[in-house]
Amino acid sequence: MTERATSEVPTGGPEETTSESAKLPTTEPSGEAAASESAWEEQTPVPQEPAPQAPAATKPAPASEDLPSAPLLLAVEDVSDSAVTVSWEPPERLGRLGLQGYVLELCREGASEWVPVNARPMMVTQQTLRNLALGDKFFLRVAAVSSAGAGPPAVLDQPVHIQKSIEAPKIRVPRHLRQTYIRQVGEAVNLQIPFQGNPKPQASWTHNGHALDSQRVSIRTGAQDSILFIRSAQRSDSGCYELTVRLEGLEAKAAIDILVIEKPGPPRSIRLLDVWGCNAALEWTPPQDTGNTDLLGYTVQKADKKTGQWFTVLERYHPTTCTVSDLIVGNSYSFRVFSENLCGLSASAAVTKELAHVQKADIAAKPKGFVERDFSEAPSFTQPLADHTSTPGYSTQLFCSVRASPKPKIIWMKNKMDIQGDPKYRALSEQGVCTLEIRKPSPFDSGVYTCKAVNVLGEASVDCRLEVKASATH
């Protein structure tokens, strides 16, 4: 069975006790705990002082089989600046009368008296002493107690020293600084690196293993972080910056890579290799200055001599040779190439010194013979006349459409009789659509109407019936 208890220890002096019933340097336990502790004192010697022997006439010494053996594996589990935790294992022999608990005792360094921490035996195998003062140094022992008395104690080999706890230094590098930190020339560099440690650790910086230049780099270190600041970064500020945090022989380090870049220079030279058909081949050499970083590629542009306007042909192109196609026959072209990195295109470009002339090929046109198509055709109606019913006194119209070439002559008839020239009718023909308007028809105008189209190639006709219903009389 493993239990845990917590006790408070006064810090006024080396002889004070921690029991609930006594606050003086030398105390006497009371009640049931007094009987248990008195029995333990009769059986166990105290360091530097002989234990008092009980009179044989009043209380005989208990048999060894009745007393438990010493607890096992007494050890310190944790020590802080105001508390200590100890633990132990039950004894091998509990005694015939059974185990009532354990008594933990404390003896300060330089003193000879063991002071019980708990006034009564407690059935726990782990105990924490609190409210201890910085600098305290003491021994601890624990004894198992039965109704027959206390068995032999288990004593710590080394004294417990209460001192200020030290938190090992630790640096927490922000996520965005765990990879190369890139800035452009002229921009500010402001790095805030948090760290931990108690008491406050000492922080120092180096650049590529050397001390920082205080004229260019400013450092401000607080209790929880360190800030590195460069007002206007230059390419010489690139490199590995290492932060070291030290605390009483312990240290933590963190390295941060900074890269300061700028726009690259232009390619050193460009040459027109060949021109054939509508194509031109170019070649150039890489720039001497890449801007302190890798190139992303090259941008190739062309310009027609007539307009002088530049148009991009290739972007982020990696090789140093290329072929520009789709040039216009008869034009002359200039070419230029820019370098590009993370900062952008180079401020200037390498331009070809000579023009690329796209020559016209000697091609003779051979026109094919053209046969004119004959569009002549006889009349044919694409939309016939439709039967129609009309009301007397209201003008009505008849429609049809005809196709023919040459343009046909349109003849309208009623009941096979030509009605051309009759003022009651008006005939129209436009774009092949033939219309006959009957002004204010009467029942007499009912009948079969025919539209006839005639040209030199033939004729065609369509019919419809018109019925003019008389109005009903009442």
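Every chain begins its residue count from 1, and numbering advances along the sequence as written. Residues qualify for local features only when their pLDDT is at least 70, as the model is predicted, and side-chain atom pairs are given and counted only at 80 or more; totals for whole chains, interfaces and linings, by contrast, use all residues. Side-chain numbers here rest on the full set of heavy atoms in the structure, without hydrogens or water.

1. As for the overall build of the protein
Next up, step 1: The number of helices and strands found in the protein is one helix and 37 strands.
Next up, step 2: In this scheme, a residue with accessible area under 20% of its type's maximum is buried, one over 50% is exposed, and one in between is partly exposed, where area comes from a 1.4 Å probe on protein chains only. For the protein, the proportion of its 474 residues judged to be buried stands at 39%. Only DSSP runs of H or I reaching four residues or more are called helices, and only runs of E reaching two or more are called strands; each is numbered from the N terminus.

2. Observations regarding the sheet that holds strand 33 (residues 417–418)
Next up, step 1: Strands are labelled as partners when DSSP assigns at least two bridges between them. Taken in spatial order, the five strands line up as 30-37-36-32-33 in an open sheet, and their pairing is mixed. Among the strands making up the open sheet, the edge pair consists of strand 30 (388–390) and strand 33.
Next up, step 2: Pairing between strand 30 and strand 37 (residues 458–468): three bridges, direction parallel. Of the residues in strand 37, the one forming a bridge with Thr389 is Glu467.

3. Quick word on the confidence of the model for the protein
Next up, step 1: Taken as a whole, the protein shows an average pLDDT of 83; of its residues, 85% reach a score of 70 or greater.
Next up, step 2: Per-residue confidence from the predictor is reported as pLDDT, a score between 0 and 100. Within the protein, the lowest mean pLDDT, 37, falls on helix 1 (residues 31–43), and the highest, 96, falls on strand 25 (residues 332–341).
Next up, step 3: Should any heavy atoms of two residues lie within 4.5 Å, those residues are considered in contact. Segment residues 10–61: pLDDT under 50, and 90 contacts once partners within four positions in sequence are set aside and those in other chains are kept.

4. Thoughts on the sheet that holds strand 29 (residues 377–383)
Next up, step 1: In space, the four strands of this open sheet follow the order 29-31-35-34, with antiparallel pairing throughout. The strands lining the two open edges of the sheet, one partner per strand, are strand 29 and strand 34 (425–430). Taken over all neighbouring pairs, the strand axes of this sheet differ in orientation by 25° on average, direction set aside.
Next up, step 2: One ladder, built from six bridges, connects strand 34 with strand 35 (residues 433–438); its direction is antiparallel. Of the residues in strand 35, the one forming a bridge with Glu430 is Val433. Note on geometry: axes are lines fitted to C-alpha atoms, helical ones only across the stretch in contact, with angles between N-to-C directions running from 0 to 180 degrees.

5. Considerations on the packing of aromatic side chains
Next up, step 1: For Phe, Tyr and Trp, rings pair up if their centres lie within 6.5 Å, where Trp contributes its six-membered ring, and each pair is then called stacked (planes under 30 degrees apart), edge-to-face (over 60) or tilted (otherwise). Scanning all chains against the criterion turns up four aromatic pairs.
Next up, step 2: On the numbers, 6.4 Å between centres and 55° between planes, the contact of Trp284 with Tyr317 is tilted. Note that Trp284 is positioned in strand 21 (residues 279–284) and Tyr317 in strand 23 (residues 310–317), a separation of 33 residues in sequence.
Next up, step 3: What makes Trp284 buried here is its relative accessible area of 3%.

6. A short note on the pattern of salt bridges
Next up, step 1: When a carboxyl oxygen of Asp or Glu lies within 4 Å of a side-chain nitrogen of Lys or Arg, that pair is called a salt bridge. Counted according to the given criterion, the structure contains 15 salt bridges.
Next up, step 2: Ionic pairing is found between Arg216 and Asp237, a salt bridge with its closest N-O pair at 2.6 Å. Here the residue Arg216 occupies a position in the loop between strand 15 (210–211) and strand 16 (217–221), and Asp237 occupies one in the loop between strand 17 (225–230) and strand 18 (239–247), the gap between them amounting to 21 residues.
Next up, step 3: Salt-bridge contacts for Glu459 lead to Lys452; the nearest nitrogen and oxygen are separated by 3.7 Å.
Next up, step 4: Several salt bridges share partner residues, and in doing so they unite Arg235, Glu262 and Asp289 into one network.

7. Re the side chain of Asn118
Next up, step 1: Mapping Asn118 onto the fold places it in the loop between strand 5 (115–116) and strand 6 (126–130).
Next up, step 2: Judged by its relative accessible area of 4%, Asn118 is buried.
Next up, step 3: For the purposes of these results, a polar contact is taken to be a pair of N or O atoms within 3.5 Å, where, inside protein, one atom must be able to donate a hydrogen and its partner to accept one; residues adjacent in sequence count only when each atom of the pair is a side-chain atom. Looking at Asn118, its side chain comes within polar contact range of the main-chain oxygen of Tyr102, at 3.1 Å.
Next up, step 4: For Asn118, the side chain forms a polar contact with the main-chain oxygen of Arg120, separated by 2.7 Å.

8. Here we look at the environment of Glu65
Next up, step 1: Along the chain, Glu65 turns up in the loop between helix 1 and strand 2 (72–79).
Next up, step 2: Residue Glu65 is classed as partly exposed on the basis of its relative accessible area of 44%.
Next up, step 3: With 28 residues separating them in the primary sequence, Glu65 and Arg93 have C-alpha atoms 8.6 Å apart.
Next up, step 4: If sequence neighbours within four positions are ignored, Glu65 has contacts with Gly95 and Arg96.

9. Quick word on the nonpolar core
Within soluble globular proteins, side chains that are nonpolar generally end up buried alongside one another.
Next up, step 1: Nine residue types can take part in a nonpolar core, namely buried Ala, Val, Leu, Ile, Met, Phe, Trp, Tyr and Cys, and a core is a set of them joined through side-chain atoms within 4.5 Å. With 21 residues, the main nonpolar core has Ile171, Val189, Leu191, Ile193, Leu228 and Ile258 as its most contacted residues.
Next up, step 2: Contributing elements (two or more residues each) for this core: strand 13 (189–198), strand 17, strand 18 and strand 19 (250–261).
Next up, step 3: When residues in this core are grouped by element, the largest group, five residues, is from strand 19.
Next up, step 4: Apart from residues lying up to four places away in sequence, Leu228 is in contact with Val189, Asn190, Leu191, Trp205, Leu212, Val217, Ser218, Ile219 and Tyr241.
Next up, step 5: Judged by nonpolar contacts, the second largest core, of 20 residues, contains Leu385, Tyr449, Cys451 and Val468.

10. Considerations on the environment of Thr290
Next up, step 1: Mapped onto the elements of the fold, Thr290 is located in the loop between strand 21 and strand 22 (297–304).
Next up, step 2: Classification of Thr290 by relative accessible area gives partly exposed; the value is 29%.
Next up, step 3: Each C-alpha atom of the pair Thr290 and Ile261 lies 9.0 Å from the other, and the pair is 29 residues apart in sequence.
Next up, step 4: In this structure, Thr290 is in contact with Pro264, Leu295 and Asn341, ignoring residues within four places of it in sequence.
Next up, step 5: A polar contact is formed between the side chain of Thr290 and the backbone oxygen of Thr293, at a distance of 3.1 Å.

11. What about the pairing of strand 4 (residues 99–108)?
Next up, step 1: The buried fraction of strand 4 is high, at eight of 10 residues.
Next up, step 2: Where strand 4 and strand 7 (residues 137–146) come together, nine bridges link them in antiparallel fashion. Counted as the bridge partner of Leu104 is Val142 from strand 7.
Next up, step 3: In the sheet, strand 4 pairs with strand 5 via two bridges, with the strands oriented antiparallel. Its bridge partner lying in strand 5, Leu106 is registered against Val115.
Next up, step 4: Between strand 4 and strand 5, which pair antiparallel one after the other, the connecting turn spans six residues, and Gly110 there sits at a positive phi close to 90°.

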